[in-house]
Amino acid sequence: MVSRFDSVRHTIMGKTADLTTVQKMTIDTLKMEGKTQKVIAKEVGCSQSSVSKHINREAKGRKRCGRKECTSKRDKRALERIVKQNRFKNVGEIHKEWTVAGVSASRSTTHRRMQDMGFSCRIPRVKPLLNKRQRQKRLAWAQDKKDWTAAEWSKVMFSDESKFCMSFGNQGPRVWRKTGEAQNPRCLKSSVKFPQSVMVWGAMSSAAVGPLCFLKTRVNAAVYQEVLEHFMLPAADQLYGGDDFIFQHDLAPAHSAKSTSTWFKDHGIPLLDWPANSPDLNPIENLWGIVKRKMRDARPNNAEELKATIKATWALITPEECNRLVDSMPRRIAAAIQAKGAATKY
């Protein structure tokens, strides 16, 4: 005997969501390549029954039943222009502007038309701005390092500072973009500073991570040299023992100060030359991202709890993760060369 609940459940499960134009085109392409319906459904991100119905409908030349669309091609072009004028508007603002232009459509219709065009609401990436001289230096650096082997990169100790905020849920406004537009300048946002935060210095090699240092004051040359003395040197002993290594840091004022350069010379530690404004080339930037993602559900109540959470999460970083990140250096360099020195994703 079928219960009322089972009957309702069967009805819901039997209905298939409308496919977007992009999904339909992807299904047609994969079908021509000889992929199975199961594989196609997984790649497109829909049910196998939706794939089957679309393929059968196309094969029989049947058109989709239902009410005729209330928007014309001209209306859709107007909507796309509105979205592209400002990618950071929400659906309500876009809908209002579209109706002001003379289109009669509901808010949900506006959202569906945007999805049909391929727009998805995503968290925008943050990308450093590079001037012409910086791009040229990045390109020259990448060409100089393009033949470095994995063994050579394993000798590099990567370092960086990162800010951790009390709240990890506030990721700012979202942006409307299509597939392949993640690096579009109109889809990027600038970094946001939060008042409740802690600054952390860390280092890594291809084998493991070193100890963390929580910075209490603004980092000048003197403070940075204290960090090097009490945290970088122990990290070098931990990660390399008595073997030679090369130290990497960026061109922050405290790092490039004359007294800091003298400190490295006095300790006999070679430095890796590094192009300015290039976080995308530093694998430890990705490591900070991994730590912050693992802390996404954490809700520390104060700075001390935040520090404890960071330490615990940092301790969970595996050698395999470190090795994979450092092994990505040849790919980062190849991407920088292909982009002619421009910033790449990381």
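Keep in mind that what you see is a predicted model, and the values were worked out from it rather than measured.

**Q** I tried to follow the sheet that holds strand 6 (residues 246-248) on my own but got confused; where do I start?
**A** Note: strands within a sheet are paired through backbone hydrogen bonds, in either parallel or antiparallel orientation. Read from one edge to the other, the open sheet built from 4 strands follows the order 5-4-2-6, with strand pairing classed as mixed. Among the strands making up the open sheet, the edge pair consists of strand 5 (213-215) and strand 6. Going across the sheet, the axis of each strand differs from the next one's by a mean of 25°, ignoring polarity. Judged from the 3 bridges that link them, strand 4 (residues 197-204) and strand 5 form a sheet pairing that is antiparallel. By the bridge assignment for strand 5, Met 199 is matched with Leu 215. Sitting on the sheet, helix 13 (residues 283-294) is in contact with strand 2 (156-165) and strand 4, with an inclination near 40° to strand 2.

**Q** Whenever I open this one, helix 5 (residues 73-85) confuses me. Can you help?
**A** Every α-helix carries 3.6 residues per turn, so stepping three or four residues along brings you back to the same face. End to end, helix 5 covers 19 Å across 13 residues, agreeing with the expected 18 Å (1.5 Å per residue, within 8%). Turning to helix 5, its buried residues are Asp 75, Ala 78, Leu 79, Ile 82 and Val 83. The buried residues of helix 5 occupy one face: seen down the axis, they fall within an arc of 135°. The exposed residues of helix 5 that point more than 90 degrees off its buried face are Lys 73, Arg 74, Arg 81 and Gln 85. For helix 5, the secondary structure elements touched by its buried residues are helix 6 (91-100), helix 7 (107-116) and strand 3 (175-177).

**Q** Before we go on, may I ask you to explain the nonpolar core in this structure?
**A** The nonpolar side chains of soluble globular proteins are, as a tendency, buried together. In this structure, Trp 153, Phe 158, Met 204, Leu 287 and Ile 310 are the most contacted members of the largest nonpolar core, which totals 33 residues. Elements represented by at least two residues in this core include exactly helix 8 (132-145), strand 2, strand 4, helix 13, helix 14 (303-315), helix 15 (319-326) and helix 16 (329-338). The biggest single contributor to this core is helix 13, with 5 residues. Once you skip the residues sitting within four places of it in the chain, Phe 158 turns out to touch Trp 153, Gly 202, Ala 203, Met 204, Gln 248, Trp 274, Asn 282, Pro 283, Ile 284, Val 326 and Met 329. Residues Trp 201, Ala 236, Leu 239 and Phe 247 belong to the second largest nonpolar core, which totals 19 residues.

**Q** Before we go on, may I ask you to explain the side chain of Arg 113 in this structure?
**A** Here Arg 113 shows up in helix 7. The class of Arg 113 is buried, set by a relative accessible area of 8%. Apart from residues no more than four positions distant in its own chain, Arg 113 is found in contact with Glu 69, Cys 70, Thr 71, Lys 76, Leu 79 and Trp 98.

**Q** It is not clear to me how the pattern of salt bridges should be interpreted in this structure. Could you clarify?
**A** For side chains bearing opposite charge, pairing can occur when the charged atoms are close. In total, this model carries 11 salt bridges according to the counting rule given. Linking Glu 33 and Lys 35 is a salt bridge whose minimum nitrogen-to-oxygen distance equals 3.9 Å. For Lys 35, a relative accessible area of 31% translates into the label partly exposed. A salt bridge links Lys 178 to Glu 80; the shortest N-O distance between them is 2.6 Å. With Lys 178 in the loop between strand 3 and strand 4 and Glu 80 in helix 5, this pair connects stretches of sequence that are 98 residues apart. For Lys 178, a relative accessible area of 22% puts it in the partly exposed group. Here the salt bridges do not stand alone but share partners, grouping Glu 80, Lys 84 and Lys 178 into one network.

**Q** Can you help me understand the environment of Ala 343 in this one?
**A** Inspection of the secondary structure puts Ala 343 in the segment after helix 16. By relative accessible area, which is 11% here, Ala 343 ends up buried. Spatially, the C-alpha atoms of Ala 343 and Asp 280 are 6.9 Å apart, while their sequence positions differ by 63 residues.

**Q** Could you clarify how one ought to interpret the confidence of the model for the protein chain in this entry?
**A** Should the pLDDT be low somewhere, the predicted coordinates at that spot are not to be read in detail. The predicted model of the protein chain averages 87 in pLDDT, with 88% of residues at 70 or higher. No element of the protein chain has a lower mean pLDDT than helix 1 (residues 4-14), which averages 38, and none a higher one than strand 6, which averages 98. pLDDT under 50 marks residues 1-16. Its contacts with residues more than four places away, or in other chains, come to 6 contacts.

**Q** Mind showing me how you'd approach the packing of helix 5 against helix 7 here?
**A** Taken N-terminus to C-terminus, the directions of helix 5 and helix 7 make an angle of 85°; their axes are 10 Å apart at the nearest point. Taken as axis vectors, helix 5 and helix 7 run roughly perpendicular relative to one another. Facing helix 5, whose interface residues are Lys 76, Leu 79 and Val 83, helix 7 presents Thr 110, Arg 113 and Met 114. Looking at the contact of helix 5 with helix 7 residue by residue, the class counts come to 3 nonpolar, 1 polar and 2 charged.

Thresholds, definitions, all that
- Residues numbered from 1 in each chain as written.
- Predicted model: local features only at pLDDT ≥ 70, side-chain atom pairs only at ≥ 80, totals over all residues.
- Heavy atoms only, no water.
- Pairing = 2+ DSSP bridges.
- Helix = DSSP H or I, 4+ residues; strand = E, 2+ residues; numbered from the N terminus.
- Axes fitted to C-alpha atoms, helices over the stretch in contact; angles between N-to-C directions.
- Contact = heavy atoms within 4.5 Å.
- Expected span 1.5 Å × (residues − 1).
- Buried < 20%, exposed > 50% of the residue type's maximum accessible area, 1.4 Å probe, protein only.
- Arc of directions from axis to C-beta.
- Core = buried A, V, L, I, M, F, W, Y, C linked by side-chain atoms within 4.5 Å.
- Salt bridge = Lys/Arg side-chain N within 4 Å of Asp/Glu carboxyl O.
- pLDDT = per-residue confidence, 0-100.
- Parallel < 35°, antiparallel > 145°, perpendicular 65-115°, else oblique.
- Nonpolar A, V, L, I, M, F, W, Y, C, P; charged D, E, K, R; others polar.

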